Amino acid sequence: MRALLFLLTPSFLFAQSVSVTYRLDSSWGTGLQATLVVTNVSSAPISNWRLSFSYPHNITSLWDSVIVSRGGGQYVLGPPSWNPTLAPGASAYAGWVAQ
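Read on for an overview of the structure. Here the structure is a predicted model, which means the values were calculated and not measured.

Rules behind the numbers
- Residues numbered from 1 in each chain as written.
- Predicted model: local features only at pLDDT ≥ 70, side-chain atom pairs only at ≥ 80, totals over all residues.
- Heavy atoms only, no water.
- Pairing = 2+ DSSP bridges.
- Helix = DSSP H or I, 4+ residues; strand = E, 2+ residues; numbered from the N terminus.
- Axes fitted to C-alpha atoms, helices over the stretch in contact; angles between N-to-C directions.

Some details on the sheet that holds strand S3 (residues 31–40)
Two pairing modes exist for strands in a sheet, parallel and antiparallel, and in both the strands are linked by backbone hydrogen bonds. Read from one edge of the open sheet, four strands run S2-S3-S10-S6, paired in antiparallel fashion. Because the sheet does not close on itself, it has two edges, and the strands there are strand S2 (18–28) and strand S6 (59–63). Pairwise comparison of adjacent strand axes, ignoring direction, gives a mean angle of 20° for this sheet. Two strands pair when backbone bridges link them, and S6 and strand S10 (residues 91–98) are joined in this way by four bridges, in the antiparallel orientation. Its bridge partner lying in S10, Leu 62 is registered against Trp 96.

So, in structure tokens, the structure goes:
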């Protein structure tokens, strides 16, 4: 699997403000299941976060996050409407199935 490139896009966000972890939960011949964990390691809340990354697979089902945009192997994910703010020390999850 190719490496992933993650970029948190809000202009006020600095690299030391978040930790991003990618986990391959399961894989089979025609697809995979994966989880991204975004943790706010700063002392301030982060509202309406965005996570931009290159991904070589087609995400066909997503939970606990929303796809803001996709195209050309680039994805931008954001928070679900029911949980738009990432409190200090809190984590947001994005789980998906991809082909």
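The structure having been displayed, the exposition proceeds.
Section: the pairing of S10
Across eight bridges, the pairing between S3 and S10 is antiparallel. Its bridge partner lying in S10, Leu 36 is registered against Ala 94.

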